[in-house]
Amino acid sequence: MRRIAAEPLTAEGFAPFGDVLEVAGAPDKIINQGLCGRHHDRAALDFGPGGRAGISLFDAEPRSLPYRLEMVERHPDGSQAFLPMHEHPWLVIVAEPGPVPGAIRAFLAAPGQGINFHRGTWHGVLTPLHAPGRFAVVDRIGDSANLEEHWLEEPVLVTGPD
Ligand SMILES: NC(=O)N[C@@H](O)C(=O)O
Ligand code: NI
């Protein structure tokens, strides 16, 4: 079985697949009587025609490393953001674009890091590594299925960082 090692999640490394949401660097503006830094407008949200933004809460079972990846999916009609409601590391898996998924990439999100998959990005489903696996999810609410799954011919074993 093919093995890939998760790499630390960075905005640069993840840029081809989406946005990293994290409090890093200077805020764009100081608000609330100087008591809050606003890191403004940090993700490319996209819900397409006929859709709208929704916020859902996911309570997912934690997985363990090494993680057996059997399927990736994509949402052709909108973006999808995973915003952790905990302070644990968690796993983000994507694949290079194409009519069928290309090379698999895995990232280990640090505590406090969230992500936003751009519309159509192949990805593994939400993968917490610790309980509680609680996330706010911002994605498209609409009439379409907005889901395409691809089952890998051979599972991939995702390990922790080298
Ligand atoms: N199906 C669903 O709502 N979640 C998936 O899209 C996922 O990426 O976890
Ligand atoms: Ni998804």
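Residues numbered from 1 in each chain as written. Chains lettered and ligands numbered in written order. Predicted model: local features only at pLDDT ≥ 70, side-chain atom pairs only at ≥ 80, totals over all residues. Heavy atoms only, no water.

- An unreviewed UniProt entry annotates the chain as Ureidoglycolate lyase of Salipiger abyssi.
- The Catalytic activity (unreviewed entry) field of the UniProt record for the chain holds the comment "(S)-ureidoglycolate = urea + glyoxylate".
- The heading Subunit (unreviewed entry) in the UniProt record of the chain holds the text "Homodimer." (UniProt positions renumbered as here; feature names shortened; annotations may be inferred.)

### Observations regarding a nonpolar patch on the surface
And step 1. The grouping of Ile55, Leu57 and Met85 at the surface amounts to a nonpolar patch, some 370 Å² of accessible area in total.
And step 2. In this structure, methionine 85 sits in the loop between β8 (80-84) and β9 (90-95).
And step 3. You can call methionine 85 partly exposed: its relative accessible area is 49%. (Patch = residues over 30% accessible without salt bridge, like charges linked within 9 Å, V, L, I, M, F, W, Y side chains within 5 Å. Areas by Shrake-Rupley, 256 points an atom, 1.4 Å probe, with all protein chains shown as cover. Salt bridge = Lys/Arg side-chain N within 4 Å of Asp/Glu carboxyl O. Helix = DSSP H or I, 4+ residues; strand = E, 2+ residues; numbered from the N terminus. Buried < 20%, exposed > 50% of the residue type's maximum accessible area, 1.4 Å probe, protein only.)

### Overview of the coordination of the nickel ion (ligand 2)
And step 1. The protein atoms donating to the nickel ion (ligand 2) are Glu73 (OE), His75 (NE2), Gln80 (OE1) and His123 (NE2), with metal-donor distances spanning 2.1 to 2.2 Å.
And step 2. Viewed at the metal, the six donor atoms of the nickel ion (ligand 2) are separated by angles of 73 to 176°, and the geometry they form is octahedral.
And step 3. Sequence spacing of the donors to the nickel ion (ligand 2): E-x1-H-x4-Q-x42-H. Each member of the pair, glutamate 73 as well as histidine 75, is classed as buried. (Donors = N, O, S within 2.8 Å, 3.2 Å for Na, K, Ca; no water. Tetrahedral: all angles 85-135°; square planar, octahedral: opposite > 155°, others 65-115°.)

### Quick notes on the confidence of the model for the chain
Interpretation of the predicted coordinates at a detailed level should be avoided for regions scoring low in pLDDT.
And step 1. Considering every residue of the chain, the mean pLDDT works out to 98; 100% of them sit at 70 or more.
And step 2. Confidence estimates for the predicted assembly give a pTM of 0.97 and an ipTM of 0.93. (pLDDT = per-residue confidence, 0-100.)

### Things to note about the site of ligand 1
And step 1. Every residue near ligand 1 is listed here: Phe58, Glu73, His75, Gln80, Phe82, His123, Val125 and Leu126.
And step 2. In the environment of ligand 1, an oxygen atom lies 2.5 Å from a nitrogen or oxygen atom belonging to the side chain of glutamate 73.
And step 3. Residue glutamine 80 places a side-chain N or O atom 3.1 Å away from an oxygen atom belonging to ligand 1.
And step 4. Burial of ligand 1 by the surrounding chains reaches 73%, relative to a free accessible area of 260 Å².
And step 5. Residue composition of the shell around ligand 1, by class: four nonpolar, three polar and one charged. (Near = heavy atom within 4 Å. Polar contact = N/O pair within 3.5 Å; in protein donor to acceptor, adjacent residues only side chain to side chain. Nonpolar A, V, L, I, M, F, W, Y, C, P; charged D, E, K, R; others polar.)

### Brief notes about the sheet that holds strand β14 (residues 133-141)
And step 1. Sheet architecture is open: five strands sit in the order β3-β11-β8-β14-β6, paired in antiparallel fashion. Pairing within the sheet leaves two strands with one partner each, and these edge strands are β3 (18-21) and β6 (52-60). Direction aside, the axes of adjacent strands within the sheet are offset by 20° on average.
And step 2. As paired elements, β8 and strand β11 (residues 114-117) share three bridges and run antiparallel to each other. Bridged to phenylalanine 82 within β11 is isoleucine 115. (Pairing = 2+ DSSP bridges. Axes fitted to C-alpha atoms, helices over the stretch in contact; angles between N-to-C directions.)

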